[in-house]
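Inside the fold
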Amino acid sequence: MKPKTKLSCRNVWKLYGANAAAVLQKDPNPSGADIRSAGVIGAVRNANIDIAEGEIFIIMGLSGSGKSTLVRCLSRLIEPTAGEILFDGADLLRASESELIEIRRHKMGMVFQHFALLPHLTVLQNVMFPLTIQAAPKAAAEAKARDVVELVGLKGREDYYPRELSGGQQQRVGIARSLVTEPDLWFLDEPFSALDPLIRREMQDEFLRLQARLHKTIVFITHDFEEAVRLADRIAIMKDGEVIQVATPEELLMNPATDYVAEFTRHIPRSKVLTVGGVMTAGAAGEGEPILQSMRVSEVAERIISAEAPLAVANDAGDIIGAIDRKAVAHVLFGGGEPA
Amino acid sequence: MTRSLSSRQLTVLALVLLTIALGYFGRDLAKAMDARWLVKFPSAWVIPFKTWISAAMGWLIEDAAIGAVSFTGVTRAVAWLIEQPYDLMLALLATGFVSGQGSAAQVLLPAASWIAVTAAVIALGHYCRDWGLAALVGACFAYLAVFGQWDSAMVTLASVLIAVPIGAGGGLLLGVLAYRHPLFERLVSPILDLMQTIPIFAYLVPILFMFGFGPVSALVATIIYATPPMVRITIMALKAVDPEILDFGRMAGTTRRQLMWRVLVPSASHSLMVGVNQVIMLTLNMVIIASMIGAGGLGFDVLAALRRLDIGAGFEAGIAIVVLAIAVDRLSQAFAERMGQVRRQAPRSWAARHKRTVLIAALLAVTWLLGRFSPLLLDYPESQTITTGAFWSDTVQYLNVNYFDYFEAVKVFFLSWFMLPIKKVLLGIPWPWAIAMLTLLGWHAGGWRLALLCGVMSALIAVSGLWAKAMVTVYLCGASVILATLIGVPLGVLAALNSRAGAAINLLIDTLQTLPSFVYLIPVVMLFRVGDFTALIAIVLYALAPAVRYAAHGVRSVSNELIEAGLVSGCTRTQLLRHIRLPMALPEILLGINQTIMLALSMLVITALVGTRDLGQEVYIALTKADTGRGLAAGLAIAFIAIIADRLVNAGARGARARFGLES
Ligand SMILES: Nc1ncnc2c1ncn2[C@@H]1O[C@H](COP(=O)(O)OP(=O)(O)OP(=O)(O)O)[C@@H](O)[C@H]1O
Ligand SMILES: [Mg+2]
């Protein structure tokens, strides 16, 4: 069963500049050179993405590659110059102002890189804010807000002001605030980039824990490939406004669409991305307790290396589908080239 | 080291020298040539702008109407709107609530007791910061009571308490509107620019004409004067809100109104409070000028004392204004800070959270009740007030008796070697030559547009028959600005280079800036009596601050790399200053001088009190005679001078920046 598509964009363009619309009118598919010679900036160029319900979809790319612009087009914080954005099958760009307000109040949440907390409100009031502006009943809103505050682990700090919290705590508030309306679609624009590495890891774990409970559809932006690999179901890689590849982390490593993508993935410890299923020898026979094919190589590397013979690999149903040996693992761990 | 001048520089130098020579010998020359019209604009050529303006204003008041709404109807409505809260505040603080009029008047409720008011400001001080502030503002208000300034001070406070909310609130609304509608912003920003260059008294006379002599006129003038910075700061503060916060607000599904009032404005509240503080300071600055068109209170006391040359009384009232200004300024700053950092409060009952309010309300009620039996509770007993008037008068007398010669010598020296030569030259320059030179200067500094502006505006001054008065204005301001620059720029440079001196200089400048402008006038009049020299000193003191500030900032912000480059090439400290720091800081210094010019011009109507013969005096006379045409014409002439100076200096600063590659 294929999960249904929650959000998709079709041929979305965002050009900045005086005569941006005219450029696209003249040629609906201008090249980079055309755009430059017209004196406009191509922040997003012809983006086509489908995001399935319940998946963590990560958009990644270097600074200035257009990630923020794309995600702001998806949430219509920025009007795209051209294209179509389908949210639950309806074109978001056709929504009236009041419809858009309704959608944002109930179906979308967003987390920001620098938290964007309101400095004059306490933690609880910040989290309650989206409910307050909907004129929701106060007691219910407060109870709901307290729940989410607890969910993100900030119980006891409800009456603090943002400036009294550490960066990680502030982002927890941002996360709680974006969840308080129980949105289906959750945008996160580099939510952990402003945090130091240790806290960042902790927050990533927290994020995975939350998602395991909530099953939101997530659009997550990062410029950190390691972060993307840890969290993503699928990754879209952007360069100069273009989406150059959309794939699972493993596919990105195994079949990079361009040299640029390959360069991007080069420094990633492959064992942490590749699964046993991806590097096993299919159909071969192995011994011992079978390893699940969805395990990451790094998680079972020791066992395989210390074993004398190839080990059996099983799929989720428990059937043996192949085997994996030391050589394959060594290749993943130390080799630079194609896996065996 | 010889330096050959380029032909262009030679021309400029020659023109300057020629102008000075022309000015110096202008009168004699004109007499010899039998062409007095060259130095004295012939009255037959004067275009009667004054009469036209008077007639136009008369029409406005009597006949102008759009449909059923007449112009006077509008002004009356505005006046009524302002008057209601003002009367209430005045009754509460100063006059008491009275029913009936004249001799039939019956006091329903006396004004709030001085004890209650002082307690209220102490509580406010404690609420805003701590006991230290509470003690300071308490002492300020106690001073007002003990030194017999209470009643006037409360009248002034009442007008401040009305003008500030209207100015700040109105400024906020206009700023919000400008933020929302770029078109509106493009409309207001040149107006704001203009209002910054036009001295206040340029619009005193029309206001007087529209609203009549009285506190309402004074409030209107004050509000018009104090609002523009608030508009500007609001626009800037809203634009400076983190775009992520804006995005968040929209993603949370706010309506436009919610986005503005629940997200943007609260997020910008810290900067907005800076604007409110500005409004307060400008309002206090206006106190004495406003009393020229009908504000009572301390400003009126100073004005009356200056007119009578009653030094002691003037000084007392002047100090009272300073004391009031300090109290209000510190309170508002502390309040702004507090707004920025809201403290956590344990949830308690309403009375517990508002215990200060409850306390003050109780105190007010008690003093009102018991005041029937003991008037001491309501008014500070007159027999216990301390008067310093006699002391000041005696001091001045003593100084004048014993040191008269010294003061006189200083005065005569400045007058005969500095001021009078400038005056003679300026008045001697033939007006056609002056207009031509200004136009040329405009062209040189900023191209044909600026040339046109300079030419037309100076020609308008000439044909309105105000040339001589305008030249006296230029002379007075020019001399003051030269002096302020000579003192201020070195002070600024010193402040930038030496941190200990910097701290002292900063303190001095801060103090000078908190004091309302005219306060400078009083001690100077005491020592030097009325006349141009007194005006000069008062203007210099008032206008010094920006010269110092900008120079210090300019020198400080010279890039470190340049300094290091200088050091590496073996510059001594003086060489470093002369060849690197000063030239690089020149654009900033010029902007500082520009501000100094603007402040000097805005001081003119006040120095008119000491008998200057310039456009300020013209406005002052027009005010006392309620002669609209005369006042507006003189006001416009001052505005023209301000605009010409502003544009020329700005163009010069831009030129300097461009030359140094600081700006394209
Ligand atoms: N308002 C704007 N006007 C003009 N150009 C813009 C505007 N906003 C973004 N751009 C340009 O669009 C491009 C993409 O910007 P965007 O902010 O989407 O990048 P990003 O991938 O989010 O980068 P970062 O990692 O730094 O956040 C950049 O070249 C940027 O300069
Ligand atoms: Mg970004």
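Definitions and cut-offs
- Residues numbered from 1 in each chain as written.
- Chains lettered and ligands numbered in written order.
- Predicted model: local features only at pLDDT ≥ 70, side-chain atom pairs only at ≥ 80, totals over all residues.
- Heavy atoms only, no water.
- Phe/Tyr/Trp six-rings, centres within 6.5 Å; stacked < 30°, edge-to-face > 60°.
- Helix = DSSP H or I, 4+ residues; strand = E, 2+ residues; numbered from the N terminus.
- Buried < 20%, exposed > 50% of the residue type's maximum accessible area, 1.4 Å probe, protein only.
- Lys NZ or Arg CZ within 6 Å of the ring centre and 35° of its normal.
- Domains from an automatic or database assignment.
- Contact = heavy atoms within 4.5 Å.
- Buried area = accessible area lost by both parts, 1.4 Å probe.
- Salt bridge = Lys/Arg side-chain N within 4 Å of Asp/Glu carboxyl O.
- Core = buried A, V, L, I, M, F, W, Y, C linked by side-chain atoms within 4.5 Å.
- Pairing = 2+ DSSP bridges.
- Right-handed = clockwise from strand over helix to strand, strands pointing away.
- Polar contact = N/O pair within 3.5 Å; in protein donor to acceptor, adjacent residues only side chain to side chain.
- Nonpolar A, V, L, I, M, F, W, Y, C, P; charged D, E, K, R; others polar.
- Patch = residues over 30% accessible without salt bridge, like charges linked within 9 Å, V, L, I, M, F, W, Y side chains within 5 Å.
- Areas by Shrake-Rupley, 256 points an atom, 1.4 Å probe, with all protein chains shown as cover.
- Lys, Arg positive; Asp, Glu negative; His and termini not counted.
- Charge placed at Lys NZ, Arg CZ, Asp CG, Glu CD.
- Axes fitted to C-alpha atoms, helices over the stretch in contact; angles between N-to-C directions.
- Left-handed = near helix turned anticlockwise from the far one by under 90°.
- Bend = angle between axes of the 7 residues up to and from the residue.
- Near = heavy atom within 4 Å.
- Expected span 1.5 Å × (residues − 1).
- Arc of directions from axis to C-beta.
- 1 Å grid on protein atoms, 1.4 Å probe; cavity = no way out; pocket = protein on both sides within 12 Å on 5 of 7 lines; lining within 4 Å.
- Points joined across faces, edges and corners; volume = space filled by probe spheres on them.

Moving on: the packing of aromatic side chains. Scanning all chains against the criterion turns up 23 aromatic pairs over all chains. On the numbers, 5.6 Å between centres and 35° between planes, the contact of Phe414 of chain B with Phe533 of chain B is tilted. Within this pair, whereas Phe414 of chain B is found in helix α18 (residues 389-428), its partner Phe533 of chain B is found in helix α23 (residues 532-556), the two being separated by 119 residues in sequence. Judged by its relative accessible area of 24%, Phe414 of chain B is partly exposed. Residue class for Phe533 of chain B comes out buried when judged on its relative accessible area of 3%. Among the aromatic residues, those joined into a ring-pair cluster are Phe407, Phe413, Phe414, Phe418, Phe528 and Phe533 of chain B. The lysine or arginine in question, Arg157 of chain A, covers the ring of Tyr160 of chain A, its NZ or CZ lying 5.5 Å from the ring centre.

Residues and elements named next belong to chain B. Each domain of chain B was delimited in the assignment, giving domain 1 (1-39 + 431-463) and domain 2 (402-428 + 465-558 + 586-659). Placing the centre of domain 1 and that of domain 2 at their C-alpha centroids yields a distance of 23 Å. Opposite the 23 residues of domain 1 that make contact, domain 2 presents 16 residues. For the pair domain 1 and domain 2, the summed buried surface comes to about 1,700 Å²; carbon and sulfur atoms form 79% of the total. Summed over the three residues of domain 1 that lose the most area to domain 2, namely Tyr24, Met457 and Ile461, the buried surface amounts to 35% of that side. Linking domain 1 to domain 2 there are zero salt bridges.

With 218 residues, the main nonpolar core has Leu7, Phe187 and Val219 of chain A together with Phe141 of chain B as its most contacted residues. Counting residues per element, this core draws most heavily on helix α20 (residues 467-497) of chain B, which supplies 15 residues. When residues no more than four places from it in sequence are discounted, the contact partners of Phe141 of chain B are Val117, Thr118, Val121, Trp150, Met154, Leu157, Leu324 and Ala327 of chain B. Counting residues in hydrophobic clusters, the runner-up holds 63 residues, among them Ile175, Ile218, Phe220 and Ile291 of chain A.

With that settled, consider the pairing of strand β13 (residues 311-314) of chain A. All names here are of chain A. For strand β12 (residues 287-292) and β13, the ladder comprises three bridges, and the chain directions are parallel. Counted as the bridge partner of Leu292 is Ala314 from β13. Between the parallel pair β12 and β13, the chain is carried across by helix α13 (residues 297-306), and the sense of this crossover is right-handed.

With 21 residues of chain B at the interface, the matching set in chain A holds 29 residues. Both sides of the chain B and chain A interface together cover about 2,300 Å² of buried area, and 59% of this is carbon and sulfur. Viewed at the interface, chain A and chain B are joined by two salt bridges. In this assembly, chain B and chain A are joined by eight residue pairs in polar contact (both at pLDDT 80 or more). Residues belonging to the side of chain B that touches chain A are distributed by class as follows: seven nonpolar, seven polar and seven charged.

So, about the sheet that holds strand β14 (residues 320-324) of chain A. Residues and elements named next belong to chain A. In spatial order, the strands read β11-β14-β13-β12; together these four strands make up an open sheet with mixed pairing. In this open sheet, the two edge strands, each paired with only one partner strand, are β11 (281-282) and β12. Summarising the sheet, β13 and β14 pair through four bridges and their orientation is antiparallel. Directly across from Ala314, in β14, lies its bridge partner Ile320.

Before going further, it helps to spend a moment on a positive patch on the surface. On the surface, a cluster of positive charge is contributed by Arg27, Lys31, Arg36, Lys40 and Lys424 of chain B. If you trace the backbone, Lys40 of chain B turns up in the loop between α1 (7-33) and α2 (49-62).

What follows concerns the packing of α20 of chain B against α23 of chain B. All names here are of chain B. Look at α20 against α23: their axes get within 6 Å of each other, and the N-to-C directions meet at 35°. Read as a crossing pair, α20 and α23 show a hand that is right-handed. Each residue belonging to the contact of α20 with α23 can be placed in one class, and the counts come to 22 nonpolar, three polar and two charged.

Residue and element names in this part refer to chain A. For chain A, the domain assignment lists domain 1 (5-107 + 185-198 + 217-268) and domain 2 (271-334). Its C-alpha centre places domain 1 at a distance of 35 Å from the equivalent point of domain 2. Listed by partner, the interface residues are six residues for domain 1 and six residues for domain 2. Across the domain 1/domain 2 interface, buried area totals approximately 550 Å², and carbon plus sulfur atoms make up 67% of it. Of all residues in domain 1, Val229, Glu250 and Met254 bury the most surface against domain 2, accounting for 66% of the area lost on that side. Where domain 1 meets domain 2, there are zero salt bridges. Where domain 1 packs against domain 2, one counts one residue pair in polar contact (both at pLDDT 80 or more).

As a further point, take helix α3 (residues 71-95) of chain B. At Glu83 of chain B, α3 of chain B shows its strongest bend, of approximately 30°, with the proline Pro85 of chain B following within four residues. Restricting attention to buried positions, one finds in α3 of chain B the residues Thr72, Thr75, Ala79, Ile82, Tyr86, Leu90, Ala91 and Leu93 of chain B.

We now examine the sheet that holds strand β7 (residues 185-189) of chain A. Strand pairing in a sheet takes place through backbone hydrogen bonds and is either antiparallel or parallel in direction. Residue and element names in this part refer to chain A. In space, the six strands of this open sheet follow the order β6-β7-β8-β3-β9-β10, with mixed pairing throughout. The open sheet has two edge strands, β6 (108-111) and β10 (242-247), and neither has a second partner. Within the sheet, the average angular offset between the axes of one strand and its neighbour, ignoring direction, is 15°. Pairing of β6 with β7, which is carried by four bridges, proceeds in the parallel orientation. Along β7, the bridge assignment pairs Met108 with Leu185. Along the sheet, helix α3 (residues 67-74) makes contact with β3 (56-61), β6, β7, β8 (217-222), β9 (234-239) and β10, crossing β8 at roughly 155°.

Let us now look at the site of ligand 1. Residue and element names in this part refer to chain A. Every residue close to ligand 1 is listed here: Tyr16, Ile41, Ala43, Leu62, Ser63, Gly64, Ser65, Gly66, Lys67, Ser68, Thr69 and Glu190. Separating an oxygen atom of ligand 1 from a side-chain N or O atom of Ser68 is a distance of 2.7 Å. Glu190 is positioned such that a nitrogen or oxygen atom in its side chain is 3.1 Å from an oxygen atom of ligand 1. In isolation ligand 1 exposes 640 Å². Once the protein is present, 60% of that is buried. Those elements that provide at least two residues to the shell around ligand 1 are β2 (41-52) and α3. A per-class count over the shell around ligand 1 returns four nonpolar, six polar and two charged.

It is a general feature of regular strands that their side chains alternate between the two faces of the sheet. Residue and element names in this part refer to chain A. Sheet topology places β11 next to β14; two bridges connect them, and they run antiparallel. Looking at the pairing, Thr281 lines up with Ala323 of β14. Taking the residues between adjacent antiparallel strands as the criterion, β13 and β14 are bridged by five residues, where Gly318 takes a positive phi near 100°.

All names here are of chain B. With 14 residues, α2 should cover 20 Å at 1.5 Å per step; its first-to-last C-alpha distance of 20 Å lies within 8% of that length. Inspection of α2 places Ile53, Met57, Gly58 and Ile61 among the buried residues, and these make up the whole buried set. Taken down its axis, α2 places every buried residue within 140° of arc, on the same side. In this structure, α2 carries Thr51, Trp52, Ala55 and Glu62 as exposed residues pointing more than 90 degrees from its buried face. Buried-residue contacts for α2 involve α3, α8 (204-211) and α28 (628-659).

A few words on a nonpolar patch on the surface. All names here are of chain B. Together, Leu440, Trp443, Trp448, Leu452, Val456 and Leu460 make up an exposed nonpolar region whose accessible area comes to about 640 Å². Take Leu440: it is sitting in helix α19 (residues 431-463). On the basis of relative accessible area, Leu440 is assigned to the partly exposed category, the value being 40%.

On to empty space enclosed by the protein. Following the criterion strictly, the structure yields four cavities of 30 Å³ or more and no others. Within this model, the largest cavity holds a volume of roughly 150 Å³. The wall of the largest cavity is formed by 16 residues, among which Ser159, Ala218, Thr222, Ala290 and Ala295 of chain B lie closest to the centre. Elements with a contribution of two residues or more to the lining of the largest cavity: α6 (150-180), α9 (215-239) and α13 (287-291) of chain B. For the lining of the largest cavity, the leading source of residues is α6 of chain B, giving five residues. Of the residues contributing to the lining of the largest cavity, the split by class is eleven nonpolar, five polar and no charged. Gly109, Arg177 and Ser178 of chain A together with Met251 and Ala252 of chain B are, among the 14 residues lining the second largest cavity, the residues nearest its centre.

Time to look at unusual backbone geometry. Phi is mostly negative for residues that are not glycine, and the peptide bonds are mostly trans. All names here are of chain A. You will see that Arg76, though not glycine, has its phi angle at about 60°, which is positive. On the secondary structure map, Arg76 appears in the loop between α3 and β4 (82-87). For Asp240, which is not a glycine, the phi torsion comes out positive at approximately 50°. Mapped onto the elements, Asp240 comes out in the loop between β9 and β10. Exposure remark for Asp240: the relative accessible area of 46% places this residue in the partly exposed category.

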